[in-house]
Amino acid sequence: MYAVLRPSDPGHAGRQWRAFHLIALAAGLLAVALLSVEGLPPGLDQFLTVIVEVVAIVFFAEYIIRLWTAPEAARFAGLSDGMARLRWALSGNGLIGLLAVVPIAAVSSGTVHPDSDWLPIFCVLWILKLSIHAPALNTLARVIVNERASLASVVIIFITVLVTAATFTHLLERHEQPQVFGSIPDALWWAVVTLTTTGYGDVVPHTVAGKMVGSVVMVSGILVLALMTGILATGFAEEERRREYLRVWDQVTRVPLFTQLGTVTLSEIVSKLRVRHYPARIVVVRRDEPGDSMFFISEGQVEVRLPRGSVTLEQGGFFGEMALLDRLPRSATVVTSQPTTLLVLYASDFYEIAANIPSLVEAVEHEARRRRAENQGRAMPTEAS
Ligand code: CMP
């Protein structure tokens with residue numbers, strides 16, 4: 001149960017649970033939102049209330065199961081069961097889970113009346129459970145930590161422009177509009193609305209000089225936001241590249257063709273490979289379609305469907321090389337026969353590797369020659385297929 005509830009569980013049951021959880025969350029939130037509409041027909045009102053109750057019970061059960069299975073988590077290894085549960089209950093996920101329990105506990109203990117205005121607010125806090133479905137939130141937290149120095153510089157620029165703009169407009173506009181620019185704190189509201197490019201228009205400078213300051217603030221706002229976006233986007237891409245590198249490194253050791261290479265050469269290839277997980281019975285390449293990549297099997301099994309029958313390729317094997325070497329359409333259809341993890345190498349990287357690491361490509365070419373001969377009915381001595 002612990003494995004199924006893990007956000008990253010790749011299994012069928014895990015995926016089904018996440019889909020169910022997402023549907024329950026959406027249904028619960030929609031029902032809570034609709035219940036706030038005045039004058040609903042009584043039947044609909046009751047129906048929506050039942051939905052909210054069912055969803056609350058599901059989340060309650062989920063909380064209990066997560067709490068119960070907490071000692072299974074690797075990060076709590078070495079702790080007693082009770083301690084592991086306590087640590088989980090106090091973690092971010094534990095506290096979010098608890099929020100889902102609050103409405104039920106509050107109503108059943110009689111603290112909150114079922115018709116209370118507070119109940120929908122508790123239920124809307126369920127939205128925080130969406131974080132379970134967004135593992136990238138951890139990445140965002142790491143990016144913010146990694147890029148803290150650059151982000152702090154942008155925040156400092158933001159505050160500098162904000163305070164300077166508020167001070168100048170206060171000086172320029174205070175006689176014209178004393179009620180909104182009468183003090184620097186008053187003028188700060190206008191500066192924030194303008195610098196963030198929101199522009200409610202409730203407060204606007206009237207003097208020419210004030211309008212000039214306003215123009216500078218607007219342009220500065222765009223620049224500051226662009227800087228912030230750029231830093232976060234680059235940080236995200238960098239973090240994703242690092243994670244992908246580790247994922248590939250983990251898989252690459254299962255392919256004998258790579259393990260013979262030295263560490264430096266291997267690290268060059270690792271940065272060019274991408275990990276892809278496929279369920280069983282998925283067509284990876286289709287006969288006669290153009291080919292832009294080749295694949296190494298790091299886990300699982302595929303079936304190569306040829307006009308004269310089929311061949312099975314196991315972990316450590318590779319396919320899709322013929323289209324790249326011959327620059328021809330795919331010679332066969334390749335289908336996964338069980339859940340399979342593949343390492344993908346795109347054509348441009350393949351040709352670059354061909355130039356830098358000839359030994360690797362020679363091994364691939366040798367196997368491709370054998371396969372070509374086999375397909376034409378002239379058997380050659382078998383090497384691991
Ligand atoms: P490609 O032609 O790009 O796409 C289909 C792939 O099936 C092909 O590359 C080979 O990698 C693989 N293939 C073709 N013939 C055989 C064979 N006889 N044995 C094993 N694999 C093959």
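Scroll up for the structure.
Keep in mind that this is a model prediction, so the values were computed, not measured. (Residues numbered from 1 in each chain as written. Predicted model: local features only at pLDDT ≥ 70, side-chain atom pairs only at ≥ 80, totals over all residues. Heavy atoms only, no water.)

Peer 1: Outline the sheet that holds strand β3 (residues 293–299), listing residues and values.
Peer 2: With antiparallel pairing, the 4 strands of this open sheet are ordered in space as β1-β8-β3-β6. Among the strands making up the open sheet, the edge pair consists of β1 (273–278) and β6 (318–319). Where β3 lies against β6, 2 bridges are found, and the strand directions are antiparallel. When the sheet's bridge partners are listed, F296 is paired in β6 with F318. (Pairing = 2+ DSSP bridges. Helix = DSSP H or I, 4+ residues; strand = E, 2+ residues; numbered from the N terminus.)

Peer 1: Let's hear about the site of the ligand: which residues, and what values?
Peer 2: If you check the shell around the ligand, you find 15 residues, and the closest are G320, E321, R330, S331 and N375. Residue A323 places a main-chain N or O atom 3.0 Å away from an oxygen atom belonging to the ligand. Within the side chain of R330, a nitrogen or oxygen atom sits 2.7 Å from an oxygen atom of the ligand. Relative to its unbound accessible surface of 450 Å², the ligand loses 100% to contact with the protein. Contributing elements (two or more residues each) for the shell around the ligand: β4 (301–306), α14 (321–326) and α16 (358–375). Across the shell around the ligand, the residue classes tally to 8 nonpolar, 3 polar and 4 charged. (Near = heavy atom within 4 Å. Polar contact = N/O pair within 3.5 Å; in protein donor to acceptor, adjacent residues only side chain to side chain. Areas by Shrake-Rupley, 256 points an atom, 1.4 Å probe, with all protein chains shown as cover. Nonpolar A, V, L, I, M, F, W, Y, C, P; charged D, E, K, R; others polar.)

Peer 1: Would you mind going over the pairing of β3 in detail, with residue names and values included?
Peer 2: By the criterion of burial, β3 is predominantly enclosed, with 6 of the 7 residues buried. Bridge analysis of β3 against strand β8 (residues 340–346) gives 6 bridges, and the strand direction is antiparallel. Considered in β8, the bridge of S293 is made with Y346. (Buried < 20%, exposed > 50% of the residue type's maximum accessible area, 1.4 Å probe, protein only.)

Peer 1: For the sheet that holds strand β7 (residues 333–336), give the residues involved together with the corresponding values.
Peer 2: On the basis of which strands lie adjacent, the open sheet formed by 4 strands has the order β2-β7-β4-β5 and antiparallel pairing. Whereas interior strands pair on both sides, the edge strands pair on one side only; in this sheet they are β2 (283–285) and β5 (309–314). The average undirected angle you get between the axes of adjacent strands in this sheet is 30°. Sheet topology places β4 next to β7; 4 bridges connect them, and they run antiparallel. Its bridge partner lying in β7, V302 is registered against T336. (Axes fitted to C-alpha atoms, helices over the stretch in contact; angles between N-to-C directions.)

Peer 1: How would you sum up the pattern of salt bridges? Please name residues and give values.
Peer 2: Overall, the coordinates contain 18 salt bridges when judged by the stated rule. Several salt bridges converge on common partners, so that one network encompasses R142, E238, E239, R241 and R242. (Salt bridge = Lys/Arg side-chain N within 4 Å of Asp/Glu carboxyl O.)

Peer 1: Report on the nonpolar core, specifying residues and quantitative values.
Peer 2: The biggest cluster of nonpolar side chains holds 24 residues, and the ones touching the most others in it are F258, L273, F296 and L343. If we skip the residues at most four places from it in the chain, F296 touches V255, L257, F258, L273, G317, F318, T341, L342, L343 and L345. Ranked by size, the runner-up nonpolar core spans 14 residues in total, among them I297, V302, V304 and V334. (Core = buried A, V, L, I, M, F, W, Y, C linked by side-chain atoms within 4.5 Å. Contact = heavy atoms within 4.5 Å.)

The quantities given are spatial measurements derived from coordinates; they are silent on function.
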